[in-house]
Amino acid sequence: MTTRITPALIPDIATRLPAFPRVVPELLDRLQSDTISVDSLVHIARQDSVIAAAILSAANGLRRLRAQPDTADLFAAASLIGTNKLKQIIVRIGLNKLLSEGSGQAFFFEHSLAVAIVSQELAQLVPGVSPDEAYIAGILHDIGQLAYFVVDAEAYRRVRHQAIGDGQLLAHEAAAFGLDHAEVGRLLTSHWQLPTSILQAIGRHHETDGIWHSKLEAVINLAETLSRALDIPASPHNRVLSLNAAALDYLGLNWAMPEMADLIGRSRARFTYACS
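So, here is what we can say about the structure in this document. Fair warning: this is a prediction, and the values are worked out from it, not measured in the lab.

Reading the values: rules and limits
Residues numbered from 1 in each chain as written. Predicted model: local features only at pLDDT ≥ 70, side-chain atom pairs only at ≥ 80, totals over all residues. Heavy atoms only, no water. Helix = DSSP H or I, 4+ residues; strand = E, 2+ residues; numbered from the N terminus. Polar contact = N/O pair within 3.5 Å; in protein donor to acceptor, adjacent residues only side chain to side chain. Contact = heavy atoms within 4.5 Å. Core = buried A, V, L, I, M, F, W, Y, C linked by side-chain atoms within 4.5 Å. Buried < 20%, exposed > 50% of the residue type's maximum accessible area, 1.4 Å probe, protein only. Phe/Tyr/Trp six-rings, centres within 6.5 Å; stacked < 30°, edge-to-face > 60°. 1 Å grid on protein atoms, 1.4 Å probe; cavity = no way out; pocket = protein on both sides within 12 Å on 5 of 7 lines; lining within 4 Å. Points joined across faces, edges and corners; volume = space filled by probe spheres on them. Nonpolar A, V, L, I, M, F, W, Y, C, P; charged D, E, K, R; others polar. Expected span 1.5 Å × (residues − 1). Bend = angle between axes of the 7 residues up to and from the residue. Salt bridge = Lys/Arg side-chain N within 4 Å of Asp/Glu carboxyl O.

## Side note on the side chain of Thr-189
Phase 1 of the analysis: Along the chain, Thr-189 falls in helix α10 (residues 181-191).
Phase 2 of the analysis: Here Arg-186 takes part through its backbone oxygen, which lies 3.2 Å from a polar atom of the side chain of Thr-189.
Phase 3 of the analysis: Excluding residues that lie within four positions of it along the chain, Thr-189 makes contacts with Ile-143, Leu-194, Leu-199 and Ile-202.

## What to know about the nonpolar core
Phase 1 of the analysis: Counting 92 residues, the largest nonpolar core has Ile-5, Ile-55, Leu-95, Leu-122, Ile-136, Leu-140 and Leu-188 as the members making the most contacts within it.
Phase 2 of the analysis: If you tally residues by element for this core, the top one is helix α5 (residues 74-103), at 12 residues.

## Examining the packing of aromatic side chains
Phase 1 of the analysis: A complete count under the given rule lists 5 aromatic pairs for this structure.
Phase 2 of the analysis: Both rings, one in Trp-212 and one in Tyr-250, keep their centres 6.4 Å apart while their planes meet at 40°; by these two values the pair is tilted. Pair noted here: Trp-212 is in the loop between α11 (196-203) and α12 (215-229) and Tyr-250 is in helix α13 (residues 245-251), with a separation of 38 residues, a long-range link.
Phase 3 of the analysis: On the basis of relative accessible area, Trp-212 is assigned to the buried category, the value being 11%.
Phase 4 of the analysis: Owing to a relative accessible area of 37%, Tyr-250 belongs among the partly exposed residues under this scheme.
Phase 5 of the analysis: Taken together, the aromatic side chains of Tyr-148, Phe-149, Tyr-156 and Phe-177 make up a single cluster linked through ring pairs.

## Thoughts on the layout of surface pockets
Phase 1 of the analysis: Volume-wise, the second largest pocket comes out at about 470 Å³.
Phase 2 of the analysis: If you go around the second largest pocket, you meet 16 residues; those closest to its centre are Gln-88, Arg-92, Tyr-135, Arg-270 and Ala-274.
Phase 3 of the analysis: Listed by contribution, the elements that provide at least two residues to the lining of the second largest pocket are α5, α6 (106-123), α7 (131-139) and α14 (258-275).
Phase 4 of the analysis: Per-element accounting of the lining of the second largest pocket gives the leading share, 7 residues, to α5.
Phase 5 of the analysis: Residues of the lining of the second largest pocket, tallied by class, amount to 8 nonpolar, 3 polar and 5 charged.

## Remarks on unusual backbone geometry
Phase 1 of the analysis: The omega angle of the peptide bond from Ile-232 to Pro-233 is -5°, so this bond is cis rather than trans.
Phase 2 of the analysis: Here Pro-233 lies in the loop between α12 and α13.
Phase 3 of the analysis: Positioned with a positive phi, Gln-193 is a non-glycine residue whose angle comes to about 60°.
Phase 4 of the analysis: Phi angles above zero are rare outside glycine, and Asp-231 is one such case at about 60°.
Phase 5 of the analysis: Within the secondary structure layout, Asp-231 lies in the loop between α12 and α13.

## Some remarks on helix α8 (residues 144-166)
In an α-helix, one turn spans 3.6 residues, which is why side chains three or four residues apart end up on the same side.
Phase 1 of the analysis: Across its 23 residues, α8 extends only 21 Å between first and last C-alpha, which sits more than 12% below the 33 Å expected from 1.5 Å per residue.
Phase 2 of the analysis: The largest bend in α8 amounts to roughly 125° and is located at Asp-152.
Phase 3 of the analysis: Positive backbone phi, approximately 75°, marks Gly-167, located one or two places after α8.

## Side note on the pattern of salt bridges
Phase 1 of the analysis: For the coordinates displayed, the defined rule picks out 10 salt bridges.
Phase 2 of the analysis: For Arg-266, the salt bridge identified is with Glu-121, shortest N-O distance 2.7 Å. Separated by 145 residues along the polypeptide, Arg-266 in helix α14 and Glu-121 in helix α6 bring together distant segments of the chain.
Phase 3 of the analysis: Take Arg-266: its relative accessible area is 36%, and that puts it in the partly exposed class.
Phase 4 of the analysis: Of the residues examined, Glu-121 reaches a relative accessible area of 4% and is grouped as buried.
Phase 5 of the analysis: Connected through shared salt-bridge partners, Glu-121, Arg-266 and Arg-270 make up one network.

Next up, the structure:
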């Protein structure tokens, strides 16, 4: 019989997942307090040798284009590539290992990446939503599915196969494990002490009731649906009966906007490049 997941089991499940990267909560704290600077980001990067190496690699790539010698100075490298690129490297490397190793399923990682990219692109059209926070919430939106792979991977593969037929993934998850992946994800991110706005966005990324607690929540909800409607990545799981018009209205967006057509093109291009 499949193990039923309850809130009391979340700490144990978390210990069986790849370690949640410490750099991500620290980056989120900086984003919340508006104290982002090259110096503060370098402080975060020094905690992870892989992230530090990626920053040096990116900077030295630019230096070679200018016929300049490589640098081993992390602050100099960070200053060269700038804060936006620094944040992207910290988040991408910090979370990619968690997601790619946690399930062993290529689609899980690629879908999470697609939603992160679409979320970030949407956030740039919505005043008051941080594109960096949207990317983090997007890439973590399905983190609850990792718990199923830890508890009973074979049972979860059966659940996903059932859902191909009727599209009722959340109902099948709840029947098999006691909680659907949106609620398990909310509990996991609460255990990791991530911001409330991200918890809410993860917990409600499949809701269609038109009730929103924040713009970020609506952005992630819409990005989930949009990435599936665009079939990125291609999968039989990408069933979409309707786009969430309530989320569009709440965010002040509509499909006739030229910015939305541009968003779709950029999202496809970014996803293809990221997976190449």
